[in-house]
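Observations on chain architecture
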Amino acid sequence: MKLVTTFHHPSSVTSSLKCNLAQDSEFGHLVVAKTNRVEVFSLTREGLKQECEVEIWGRVLAIRAIPVNREHSHSNLLILTDHPDPRVVVLAYQQTTEIPQLVDVGSVALHDRIARHAEFCNDILVDPTGAVAIVSCYAGKLRVLTLKKGLIEQEFDVSLPELNLLSISFLHAPQDQYSLAIIHLDFQQRMQLICRDLNVALQELVSEVSQLLPSTMLSPAIFPFVDVPPTLIPVSAFSLSSLSDESEDSECPGGLLVAGGRKILFYQLARPEDQTHRRGNKRRLEKRKASVTESEVDRAKEKEKAREMKKLKPKCYVRWPWSEITSWDFIEGDSRKFILGDKFGRISLLTLDDSPRLILLPVGEASPSTSLTHLASQVIYVGSHLGPSQLLRIHQEIISSPENDTLPIPAGVTTVTSLAHIDEEDDTDSAADRRKGNGVIIRNKGVHLEVLDSYRNISPIMDAVLADTEYSGQPQIVTCSGGANTGSLNAIRSGAEVRELAVVEGLDSVLSVYPIRSRFQNTMHSYLLVSTSYESFVLRMDGHDLFTKLEATNSPFVTSSPTLALSNISRRVTTSIGGKTTSSYVDSALVVQVTAKGIRILEFDDAVGVFHVVGEGWSPDTLDHTWRNREVVAASVNASQFVLALSGGRLALLNMADDRTVKLVKFQDFMDANRNPREICAVSCIPFDRTKHFSLYIATTFWDANVVTILSLEKPDKYMTPVCSSSQLPSLPRSVLLHNFGTGNRGKDEDYRPYVLAGLTDGTVVSFAFRGNQLQDKKTFGLGTAPVTLSPCTAQGRNAVFASGSRAAILHWDRKRLRQSSNIVTGVTVNTPTFPFSLVAATSSSLTIGEIGGIDKMQVKSIPLGLENPTRICHDYVSNTFGVACLHPTPNRVGDAETTQSSFNILDSNMKRLGQYMCEADEEITAVASSSSLVVSLGSQDRSCFFVGSVRHELGRSEPNLGRIMVFTSDTTSPSIRPLVSTETGGCVYALAIMGTFVVAAINTSVLLYHLVPTDDAEGFVLEQVSQWNHNYFVTSLVARDNTIIAGDAISSVSMLEVVNSHLRTVARDFGPLWPVAVELTPGRGVIGADCDCNLFTFSLGQSGSRAILERDGSYHLGEVVNKLLPGGTGAPDSSEDSQFQPEHLFFTSSGRVGQIVHVDDNTALHLTALQRNMAKATKGPGDVSHSNAHTPANSRGRSDAESAFGFLDGDFLELFLAEPQPKQLQLLRGELEVERVGLPLTEVEAMLEKLQGMH
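Residue numbers here run from 1 along each chain, matching the order of that chain's written sequence. Only residues with pLDDT of 70 or above have their local features reported here, since the model is predicted, and side-chain atom pairs are shown and tallied only from 80 upward, although totals for entire chains, interfaces and linings are computed over all residues. Calculated side-chain values reflect all of the structure's heavy atoms, with hydrogen atoms and water omitted.

UniProt positions are given in the numbering used here, feature names are shortened, and annotations may be inferred rather than shown by experiment. Its UniProt record gives the protein a comment under Subcellular location (unreviewed entry), which states: "Nucleus".

So, on to the overall build of the protein. From N to C terminus, the protein includes 7 helices and 95 strands. Two things to know: the radius of gyration comes from C-alpha atoms, and the globule rule equals 2.2 Å times the number of residues to the power 0.38. In terms of C-alpha radius of gyration, the protein reaches 36 Å, essentially the compact-globule figure of 33 Å for 1256 residues. Each principal axis of the C-alpha distribution contributes one length, and for the protein these read about 135 × 80 × 75 Å. For this analysis, residues touch if any pair of their heavy atoms sits within 4.5 Å. Across the protein, contacts joining residues at least 24 apart in sequence account for 55% of those joining residues at least 6 apart. What counts as a helix is a DSSP run of H or I of at least four residues, what counts as a strand is a run of E of at least two, and both are numbered from the N terminus.

A cluster of nonpolar side chains, namely Tyr1033, Ile1051 and Trp1075, defines an oily patch on the protein surface of about 270 Å² accessible area. Residue position: Ile1051 is located in the loop between strand E81 (1044-1049) and strand E82 (1054-1060). Patch definition: residues above 30% relative accessible area lacking any salt bridge, with like charges linked at up to 9 Å and the nonpolar side chains Val, Leu, Ile, Met, Phe, Trp and Tyr linked at up to 5 Å. Every accessible area reported is derived by Shrake-Rupley at a probe size of 1.4 Å, with residue values counting cover from the shown protein chains alone. Salt bridge, as used here, is a side-chain nitrogen of Lys or Arg placed within 4 Å of a carboxyl oxygen of Asp or Glu.

Attention now goes to empty space enclosed by the protein. A cavity here means a set of 1 Å grid points, computed over protein atoms only, where a 1.4 Å probe fits but cannot escape. A pocket is an open set with protein on both sides within 12 Å along at least 5 of 7 lines, and lining residues have an atom within 4 Å of a point. Grid points are joined across faces, edges and corners, and a volume is the space filled by probe spheres set on the points. Across all of its chains, the model carries 5 cavities of 30 Å³ or more by this definition. A volume near 70 Å³ is recorded for the second largest cavity. Taken together, 14 residues line the second largest cavity, and the ones lying closest to its centre are Ala118, Glu119, Ala139, Leu163 and Leu165. Of all the secondary structure elements, the ones that give two or more residues to the lining of the second largest cavity are strand E11 (132-138) and strand E14 (164-170). Three classes are used, and their members are as follows: Ala, Val, Leu, Ile, Met, Phe, Trp, Tyr, Cys and Pro are nonpolar, Asp, Glu, Lys and Arg are charged, and the others, Gly among them, are polar. Looking at the lining of the second largest cavity residue by residue, the class counts come to 8 nonpolar, 3 polar and 3 charged.

This paragraph deals with the nonpolar core. To define a nonpolar core, start from buried Ala, Val, Leu, Ile, Met, Phe, Trp, Tyr and Cys residues and group those joined through side-chain atoms within 4.5 Å. Residue burial is assigned from relative accessible area. The probe radius is 1.4 Å, only protein chains are included, and a residue is buried under 20% of its type maximum, exposed over 50%, and partly exposed in between. Formed by 28 residues in total, the largest nonpolar core has its most connected members in Leu3, Phe1141, Leu1168, Leu1171, Leu1214, Phe1217 and Leu1249. Mapped by element, the contributors of at least two residues to this core are strand E90 (1154-1160), helix H3 (1162-1178), helix H5 (1211-1215), helix H6 (1222-1230) and helix H7 (1242-1253). Counting residues per element, this core draws most heavily on H3, which supplies 6 residues. Not counting residues within four places of it along the chain, the set of residues in contact with Phe1141 comprises Leu3, Val1158, His1159, Val1160, Thr1164, Leu1168, Met1248, Lys1251, Leu1252 and Met1255. Of all hydrophobic cores here, the second largest spans 25 residues; its members include Leu257, Cys316, Phe338 and Leu407.

Before going further, it helps to examine the sheet that holds strand E22 (residues 255-259). Pairs of strands are assigned from DSSP output, requiring at least two bridges between the strands. As summarised here, the arrangement of the 4 strands in space is E19-E22-E23-E24, forming an open sheet in which the pairing is antiparallel. A single partner strand is all that each edge strand has here, and the edge strands are strand E19 (231-235) and strand E24 (316-319). Put simply, the sheet's adjacent strands are angled 15 degrees from each other on average, direction ignored. Bridging between E19 and E22 involves 5 bridges; their strand directions are antiparallel. Across the sheet, the residue bridging to Val235 is Gly255, located in E22. Fitted lines through C-alpha atoms serve as axes, helices being fitted only where they are in contact, and the angles separating the N-to-C directions of these axes extend from 0 to 180 degrees.

One pass over the structure, following the stated rule, counts 44 salt bridges. Between Asp82 and Arg59 there is a salt bridge whose closest N-O contact spans 3.5 Å. Taken together, the positions of Asp82 in the loop between strand E7 (75-81) and strand E8 (87-94) and Arg59 in the loop between strand E5 (47-55) and strand E6 (60-67) put the pair 23 residues apart, joining distant regions of the chain. Here Lys141 makes a salt bridge to Asp112, at a shortest N to O gap of 2.7 Å. In this pair, Lys141 sits in strand E12 (residues 141-148) while Asp112 sits in the loop between strand E9 (101-109) and strand E10 (123-126), placing the two residues 29 residues apart along the sequence. Here the residues in one salt-bridge network are Asp112, Lys141, Arg143, Glu155 and Asp157, joined through shared partners.

Considering the arrangement of structural elements, one finds Gln203 in the loop between strand E16 (191-199) and strand E17 (204-205). For Gln203, a relative accessible area of 33% puts it in the partly exposed group. When the C-alpha atoms of Gln203 and Thr417 are compared, they prove to be 52 Å apart, with 214 residues separating the residues in sequence. The contacts of Gln203, once residues within four sequence positions are left out, are Gln154, Phe156, Asp157 and Val158.

Our focus in this paragraph is the packing of aromatic side chains. Ring geometry is summarised as follows: Phe, Tyr and Trp rings, the Trp one being its six-membered ring, pair when their centres sit within 6.5 Å, and such pairs are stacked at plane angles under 30 degrees, edge-to-face over 60 and tilted between the two. Using the criterion set out here, one finds 25 aromatic pairs in the structure. Summarising the aromatic geometry, the rings of Tyr527 and Phe611 are spaced 5.2 Å apart at their centres and angled 75 degrees between planes, so their arrangement reads as edge-to-face. Of this pair, Tyr527 sits in strand E41 (residues 525-532) while Phe611 sits in strand E47 (residues 610-618), and the two are 84 residues apart along the sequence. The pair formed by Tyr527 and Phe611 is uniform in burial state, with each residue classed as buried. Between Phe557 and Phe611, the ring centres sit 5.1 Å apart and the planes meet at 65 degrees, which makes this aromatic pair edge-to-face.

This paragraph deals with unusual backbone geometry. In this structure, the amide linkage connecting Ser355 to the following residue, Pro356, adopts the cis form with an omega of 0 degrees. A cis geometry characterises the amide bond from Ser459 onward to Pro460, with omega recorded as -15 degrees. Relative to the elements of secondary structure, Pro460 occurs in the loop between strand E35 (449-455) and strand E36 (463-467). Its identity as a non-glycine residue notwithstanding, Asp1042 has a phi of 55 degrees, on the positive side. Tracing the chain through its elements places Asp1042 in the loop between strand E80 (1035-1041) and E81. In this structure Asp1042 comes out as exposed when scored by relative accessible area, which is 69%.

Given below as structure tokens:
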């Protein structure tokens, strides 16, 4: 059984709007729709504040606001979801609880199994009055929704004669009239603009074309057929200026802007008298067509055809000098000012003045927008699919680059420098553009856009790779993301982020760092004691970049040897009242330092700012012969207790007496069964109760046993008696720590989280919850292979622990469990005025002070590439370099040919480009691969290689017949690189894979096997074809591993091949029409893949008689297109001795989701399946969508009633169980019937789901 969990949620923005969701909202709300959820932000003076979000079970296409009352004081939301189960959901914003929420208050199912999906226009629109909405999702019809008080009152379908609908919009029609402007493709593939009236009372579209906006053909020279259809922008009525040529009228009745072509056209709505005149002409023409005279009928039809072909002259227009318009919005408070954005992120302001005349003002470049929303005070929100979403401010003045054009404007497009110089045109040859009605483009200078905030987006993920660039054992994900002008590589890992603040250079062999305060109760640190393998020294922190090293010769600290423990301590005061003696602890300037020779007590003199020694300290050499010649081998100190482990298996408890002398309280020798001393490895005496100055327990580990032993300090007569011991650990505990992760200090406190942690020599950390004097809930965290050290710290206000082995992690309590956040450094935290609550990290040659952030978040480091759009990536482990294929588009004007340039780039582990190969003009790289097992010998060195496949595009060819495979060495020092081998192929190289010493290539409909062999020339190589396997369809997906090849074709399904004696042989095939887009191998020669209908599927290799077959054993609707599947995971999960969950694959989608496929053992899967069934019966998604239906496999015709999801569980849905109150949890475990009962207690189910939660 497989389980699907999400590592990074979809980040692509599909739609956004501004509205008031609550009557008491001061500035309103921004609503952002992403692929699977809707987020609500309130507008504040400080910026955007997220209020709530709701998950939508379906792909969100659009959101619209509908007024709840006539005053439009606040609104509800209409959500449209995509096929295969289109639906309209009404959400209302409620503030009845402390946390606002969006609740479902109505929905309409739109699915029609018979109708054809709308090819170009899937949208929902609301009439300007807010009384009617229309939905387009099927060809030939519209769904009409009548609205009342923010709810759907009635719904019905109307037939739409225009089948190939491109764009649709409500017009600002007269009262009680609903008119739709429509752009469609007619039967001759001509683009036509028409208007139709909607009769709500009769529930139909009026059959006759409306005369409110006369029909017209849109010229293909202005509106060429491109990927993005034209945009319709309605304009309300407005007053005309006295300079207008409409001398007889002082008001324009409104109109329609048609944008998205090479011009923006403004068509004015017809006045009532003009509509009457046109209707009369229409009636007369119809009457003539009904004539009995054939010649009269022919003339009438010719007249009608001439009218249809006649192009309506726009009232005014302006040239559009950039690419296709992808989004727009009104400037709030002015219905004739608009923000426009094109597919390359170029933003401009469009104004329709009182003349009327169109004025276009470029303002700057941002992320390519799928939505633009004007918020307030020239602040706009840019929602993007191809780049980070942004919060921008438009400045009237120039903020940078005053010498450059704000946006490039193509030659031949007339511009002016300002409205005052409208006759000063740049292009005197454009006389045709100076005729009446032409708009104005202002050539602006400088940058006018300020980025106020940016919101991470890694969509669309075109390709991805797992790469351990630091050789730490924990790989990071690197994705090819973005597009247009925001191409990027993104390095993703889960863990803590450390932002460097200062560095102290020249420090070698640092073992540990101890911060020192001037007084015990002081919250600020002023000194650092640094312990190396051979000495200790003290640094005074004087400022941001000023650290003063105190001279060792005059230092009161022990500097000639390493320090084992150091801490500020309090001073105990004993008082006697009425014969009763009591002790209390007061503030002091005392510091205790423990070395191998013993204890030294120091005190800070605030008057002169120096430390001095107090008393004689303590040393075992000053005691009797049983103590002499013993060294301190481990130590732990708290505010009043000093616990020392001495050689010979002796453990000593000491404290400081009232006279400032160190007093031995108790000691104990530990012996084995043969009376030999048990050498102590590590100790800890940190109190669980932070309000106390002493600990009630000591944690110890011994060199001869892989266990942790807890000793008691509760009663003097039972000091150091064993309380409990851990189970046998995998290896020796090299360090141990008592730590309370919660904010409570006593057992009755709700957030009391006492834990015992052990850092093992094999690179793992084992944690135990300490409850009732027992060690429980054992968990293991992997940190590489080096021994792990532990130290308490504070991270983002949380009580945490730094664990450092081959790699480091921050352990912290979150979501009812102990979690780890991986980190690249280790150290302790300090708190100074300059570095508040910062990390002091020891590296190989320095100390780094940094700010800790995002301990419970995923860290994404984005490497922007601009117009270089990465499409394919691979990582070479040997040279630690990346091979990246990029496609560079040239921003063009609408209708102009878009040119692209493909390149192959070699990058180092820091994503710095080492070399680049530019392909030929008609060539595009389609596949890259690398392998440490396939190397070439050049001279005396073996070098790893990158293998690159490409295709040559030829005009007029429907099937590619030219391509090549190139081989590049991975270690390059030249900026311009050349292929070592270049082999022509007879088609497109769709995919490449390396299997041992073979290169496997998917070329058109074949899978070919190549061998890289040397030639007679010095350092010469050639790719030699050794085998070929032919198929009926293009093979677009390919994976090869362990002598098994999985090939996925573009139409049918998957095939399993193997190599036998250098020949390709078919093992098994499945011929179901899956249309796979990504495939991977699973353990046991199984197959996992994703198809073009957003489903996941699995196959296992079975046997039917003597024939091997692929048996489908899993199918699950994910709802997003998976572009890549990778074996493995991002790191070692939390685990115990069993293996309930095993991460198998990562998947990456076009909307920015990164998910994990986890294998679940059969027993666990049985219980989780029962729990998911019970939860699905009790929980419905917005729109009354059932969980089982949401994940039922789907195709282009919708979902099948005969098949439901199988072989997969929804991990994200199951994890919601942890957030339910306990009564609801128990109810879900019981189910409605006895047979539905989950056969596990609540604690085990919670532990199971917490373990799952810790894997992502």
